[in-house]
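Secondary and tertiary structure notes
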Amino acid sequence: MDSSRITLRPFKLTDVDDFLTWGSDDQVIRPLRWTTISTMEEAFNFIKDVCIPHPWRRSICIDDRSIGFISVFPGSGDDRCRADMGYAIATKYWGQGITTIAVKMAVPLVFKELPDLVRLQAHTAIENKASQRVLEKVGFCKEGVLRKYTYLKGNIKDLAMYSFLIKIVTEIRGEETEGTQFTMSSYPSA
Amino acid sequence: MDQENEITLRKLTVDDVDDFMVWATDPKVAHFCSWEPHTSVEDAIAYIENVVVPHPWLRAICLNNRPIGAISVTSNSGADKCRGEMGYVLASAYWGKGIVTKAVKIAAKMVFEEREEMERVEALVDVENGGSQRVLEKAGFVREGVLRKYLVQKGRIRDMVMFSLLRTELRD
């Protein structure tokens, strides 16, 4: 697919039909904490009450039509240094590298828009190999497996923890150094 | 530890403030903690009343019934109630004698017994805190990995080592 067709943008109320298409698909929703959306009304309310006010949620679009989402949940107070990322796309678009492109696009936007962010993290159930491949292709680092970490829809899960640290381009040397310097004066490197 | 030097856990109260002050005012002890050393008895009493007493699970680590430190486990709700995070602190005069390792084993056993829904006790330790990492390894915790630039402690961003002990791994 021509990657210029893939864009990220905030959700709109007019996404309701497209949202329902992938939001009602159990295969898409199963790995998430969401429950499947079954009606136009639920889709409309979810977009209005959850997606639009969300601190950072974007629709993944092809030709400006919603095929999925990426969300980032920042921490508060001292935990503003880190944020959690989640994503999903319609099954029709699985296995084509689209999620990888979308996440790659999202990462620099997130660091730009969340000024205190140093660590973007994502965790996936250990059996979710496809999601782990996305994170690895984007450049997230696997740090380990958190065993019996949380319940997801009644099942206790082992989660693979991945992180992506802020990259600062050192203009003089023209090199990228990962996570060793920070733009915000409140976080001197230890 | 023999019978004459018994390590036990019990609730910590305002009456323990003098013993509490021994470790709570010590900068060596506070170094890897989120708090600054306490500077007055009033300050310590307020901390015990506002933080220690209402805590979901916090116990004094006692040597021959005198508090020489504390150990705690957090409580989560909903989907996260299967895990609790453990923290501990010990007066520096008693470091290096295996006391915290013993307290960690006792506390883990107690918490798994008291909370049916607990499956995982975890602990986050600063990468530079080798002493604390050894405590957890000796207590049977598994080192799961380093969470890089995970949290801010005293204004500095830190790499933290994640350890965990599962209910199925509890041993005497």
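Chain B has the name GNAT domain in an unreviewed UniProt entry, where Dillenia turbinata is given as its organism.

The name given to chain A in an unreviewed UniProt entry is GNAT domain, with the source organism recorded as Dillenia turbinata.

Some points on the overall build of chain A
Looking only at helices and strands, chain A has five helices and nine strands in total. Element order for chain A, N to C, with α for helix and β for strand: β-α-α-α-β-β-β-α-β-α-β-β-β-β. Looking at the 190 residues of chain A, the share that counts as buried comes to 48%. Counting every atom, chain A has about 9500 Å² of accessible surface; 53% of that belongs to carbon and sulfur.

A short note on the sheet that holds strand β6 (residues 142-153) of chain B
All names here are of chain B. Read across the sheet, seven strands follow the order β1-β2-β3-β4-β5-β7-β6 without closing on themselves; strand pairing throughout is mixed. Whereas interior strands pair on both sides, the edge strands pair on one side only; in this sheet they are β1 (7-10) and β6. In this sheet, neighbouring strand axes are inclined to one another by 30° on average, regardless of whether the strands run parallel or antiparallel. Strand direction decides the pairing type here: β1 and strand β2 (residues 58-63), joined by four bridges, are antiparallel.

Brief notes about unusual backbone geometry
Residue and element names in this part refer to chain A. Of note, Asp63 is a non-glycine position whose phi angle comes to about 55°, a positive value. Within the element layout of this structure, Asp63 appears in the loop between β2 (57-62) and β3 (65-74). Not every positive phi belongs to a glycine, and Lys153 is a case in point at roughly 50°. Assignment of secondary structure puts Lys153 in the loop between β6 (141-152) and β7 (155-165).

Some remarks on the side chain of Asp15 of chain A
Residue and element names in this part refer to chain A. Residue placement: Asp15 occurs in the loop between β1 (6-9) and α1 (16-23). Polar contacts involving the side chain of Asp15 include one to the side chain of Arg9, which spans 2.7 Å. Discounting residues that sit within four places of it in the chain, Asp15 has contacts with Arg9, Pro10, Ile47 and Ser66.

Observations regarding the pattern of salt bridges
A side chain with one charge can pair with a side chain of the opposite charge if their charged atoms come near. Evaluation of the coordinates by the stated rule reveals 25 salt bridges over all chains. Notably, a salt bridge pairs Asp63 of chain A with Arg5 of chain A, separated by 2.8 Å at the nearest N-O pair. Within this pair, whereas Asp63 of chain A is found in the loop between β2 and β3, its partner Arg5 of chain A is found in the segment before β1, the two being separated by 58 residues in sequence. Across the pair Arg147 of chain A and Glu144 of chain B runs a salt bridge whose closest N-O atoms are separated by 3.0 Å. Taken together, the positions of Arg147 of chain A in strand β6 and Glu144 of chain B in strand β6 put the pair across two chains. For the pair Arg147 of chain A and Glu144 of chain B, a shared accessibility class is recorded, and that class is buried.

What counts, and where the lines are drawn
Residues numbered from 1 in each chain as written. Chains lettered and ligands numbered in written order. Predicted model: local features only at pLDDT ≥ 70, side-chain atom pairs only at ≥ 80, totals over all residues. Heavy atoms only, no water. Helix = DSSP H or I, 4+ residues; strand = E, 2+ residues; numbered from the N terminus. Buried < 20%, exposed > 50% of the residue type's maximum accessible area, 1.4 Å probe, protein only. Areas by Shrake-Rupley, 256 points an atom, 1.4 Å probe, with all protein chains shown as cover. Pairing = 2+ DSSP bridges. Axes fitted to C-alpha atoms, helices over the stretch in contact; angles between N-to-C directions. Polar contact = N/O pair within 3.5 Å; in protein donor to acceptor, adjacent residues only side chain to side chain. Contact = heavy atoms within 4.5 Å. Salt bridge = Lys/Arg side-chain N within 4 Å of Asp/Glu carboxyl O.

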